[in-house]
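One letter stands for each residue in the lines below.
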Amino acid sequence: MEHLVASALEHTLLFRTHEEARALFDLVAATFPDAVAICVMPDHVHIVAPAGEGHRLGHLASAYARWRNAHRGERGPVWERLPPAEALPNAKHLRRTVRYVHLNPCRDGLVPDPLAWPWSTHRDATGFAAAPIRAREHDPARFHRWVSSDPSVAVDGTALPEGAWGTVRWELVRDAVAGVCRVPAEALTRRGPARTLALTAAWVLEVRDVRRLARELGMASSSVYRAVEDAPPRSLTHRRPDLHAAVRAVGDPRFEALPPGVHGRVGEVPRQAVAPGGKSG
């Protein structure tokens, strides 16, 4: 395995909005399908992937520079010269590097917990991504506690979400589903798996004001009833990993809805509250 890093030119941001961040994250995931860790930051990218795949990074950088410049109506270079890959000679070195990559947003002051940054594979590794791009860790709770045991998060680490109990508000379901799907809340009003997941999660959690759900999701009331016919009871959501992730994330502040845009680095990206059991660094 090897660790690849690509940095933006000085005074250049790779992304200013979550739309651009998602485009870069998806491109990295598609270019390195066997990656075990990815983290897309406003001015650099980390990738941990099998050795021998480093040549793909140049193609990725060129493709994203073309897309970003066209998207913004800009011209000119975007990336610094790509450094050579760092070899990871053993499992211990690999594991420490994955931890380092997942902690990057916290150590850079962007968020107080690795789960709060949508543009890394930490949510995938812990089972909180609706469409994971890497396999879940064998013991997600232990892995997350180990990764988050850092002065930038909490010395003793933080716990994984376990879901809200009792009365649940629609807004909490909306944010949790948007978080595990890595989409803004308004994306749930469009036909697709994220909207279906939001509706099913709401029904499982007994948020069943059909008229409101129809209004919030841009659906007809009759479509709401049809869509939830096969919704499982909460005790069986583990049979659907995407639904289980959304239900467990409900009420956890690390899964707030994406803000309108990411405009910079420390102090300019809204800092989400850390989950119970931890404290911000």
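Bear in mind the structure is a predicted one, so any value in this text is a computation, not a measurement. (Residues numbered from 1 in each chain as written. Predicted model: local features only at pLDDT ≥ 70, side-chain atom pairs only at ≥ 80, totals over all residues. Heavy atoms only, no water.)

*Asks:* How would you summarise the packing of aromatic side chains if you had to cite specific residues and measurements?
*Replies:* Under the criterion given, the structure shown has 5 aromatic pairs. Taken together, the ring pairs connect Tyr64, Trp67 and Trp79 into an aromatic cluster. When the ring centre of tryptophan 165 is taken as reference, the NZ or CZ atom of arginine 234 above it lies at 3.6 Å. (Phe/Tyr/Trp six-rings, centres within 6.5 Å; stacked < 30°, edge-to-face > 60°. Lys NZ or Arg CZ within 6 Å of the ring centre and 35° of its normal.)

*Asks:* So what's going on with the packing of helix α6 (residues 170–181) against helix α7 (residues 193–204)? Residues and values would help.
*Replies:* The packing of two helices is summarised by the inter-axis angle and the distance between the axes. At their nearest, the axes of α6 and α7 sit 9 Å apart, and the two run at 140° to each other. Taken together, α6 and α7 sit at an angle that is classed as oblique. For the pair α6 and α7, the crossing hand works out as right-handed. Facing α6, whose interface residues are Trp170, Val173, Val177, Val180 and Cys181, α7 presents Ala194, Leu197, Ala198, Ala201 and Ala202. (Axes fitted to C-alpha atoms, helices over the stretch in contact; angles between N-to-C directions. Helix = DSSP H or I, 4+ residues; strand = E, 2+ residues; numbered from the N terminus. Parallel < 35°, antiparallel > 145°, perpendicular 65-115°, else oblique. Left-handed = near helix turned anticlockwise from the far one by under 90°. Contact = heavy atoms within 4.5 Å.)

*Asks:* Any chance you could break down the sheet that holds strand β3 (residues 44–49) for me, citing the residues and the numbers?
*Replies:* Here 4 strands make up an open sheet; going across it, the order is β2-β3-β1-β4 and the pairing antiparallel. Looking at the sheet topology across the chains shown, the edges are occupied by β2 (37–40) and β4 (86–87). Examined bridge by bridge, β2 and β3 share 4 bridges and lie antiparallel to one another. Residue cysteine 39 lies in a different strand from β3, and its bridge partner there is histidine 46. Helix α1 (residues 18–31) rests against β2 and β3 of the sheet, and its axis sits at about 155° to β2. (Pairing = 2+ DSSP bridges.)

*Asks:* Explain the environment of serine 62 to me, using residue names and the numbers behind them.
*Replies:* Its place among the elements puts serine 62 in helix α2 (residues 55–72). The spacing of serine 62 and valine 153 is 91 residues in sequence and 34 Å in space, taken between C-alpha atoms.

*Asks:* Just give me the short version of the pattern of salt bridges, but keep the residues and values in it.
*Replies:* Evaluation of the coordinates by the stated rule reveals 19 salt bridges. In this structure, arginine 72 engages glutamate 74 in a salt bridge whose closest nitrogen and oxygen atoms are separated by 3.8 Å. Residue class for arginine 72 comes out buried when judged on its relative accessible area of 18%. Measuring nitrogen to oxygen at the nearest pair gives 2.8 Å for the salt bridge that ties arginine 134 to glutamate 137. What you see here is one network of salt bridges that share partners, running through Arg16, Glu20, Arg68, Arg72 and Glu74. (Salt bridge = Lys/Arg side-chain N within 4 Å of Asp/Glu carboxyl O. Buried < 20%, exposed > 50% of the residue type's maximum accessible area, 1.4 Å probe, protein only.)

*Asks:* Requested: an account of the nonpolar core, with residues and values cited.
*Replies:* Leu14, Leu24, Val28, Phe32, Val40, Ile47 and Trp79 are the most contacted members of the largest nonpolar core, which has 43 residues in total. When residues no more than four places from it in sequence are discounted, the contact partners of leucine 24 are Leu14, Phe15, Val40, Val45, Leu60, Tyr64 and Trp79. Counting residues in hydrophobic clusters, the runner-up holds 39 residues, among them Val177, Val180, Val207 and Ala246. (Core = buried A, V, L, I, M, F, W, Y, C linked by side-chain atoms within 4.5 Å.)

*Asks:* Explain the pairing of β2 residue by residue, including any values.
*Replies:* Here β2 shows two buried faces, one formed by Ala37 and Cys39 and the other by Ile38 and Val40. Remark: 3 residues form the turn of the hairpin made by β2 and β3, two consecutive strands paired antiparallel.

*Asks:* With reference to specific residues and values, describe helix α5 (residues 140–148).
*Replies:* Every α-helical turn comprises 3.6 residues, leaving residues that sit three or four positions apart pointing alike. Among the residues making up α5, those that are buried are Pro140, Phe143, His144, Val147 and Ser148. Burial along α5 is one-sided: seen end-on, the buried residues are contained in an arc of 120°. Against α3 (91–107) and α4 (122–125) lie the buried residues of α5. (Arc of directions from axis to C-beta.)

*Asks:* Mind laying out unusual backbone geometry, listing which residues take part and the relevant values?
*Replies:* One non-glycine residue, histidine 11, adopts positive backbone phi at about 70°. In this fold, histidine 11 is placed in the loop between β1 (2–7) and α1. Judged by its relative accessible area of 79%, histidine 11 falls in the exposed class. Look at arginine 182: it is not a glycine, yet its phi comes out positive at around 60°.

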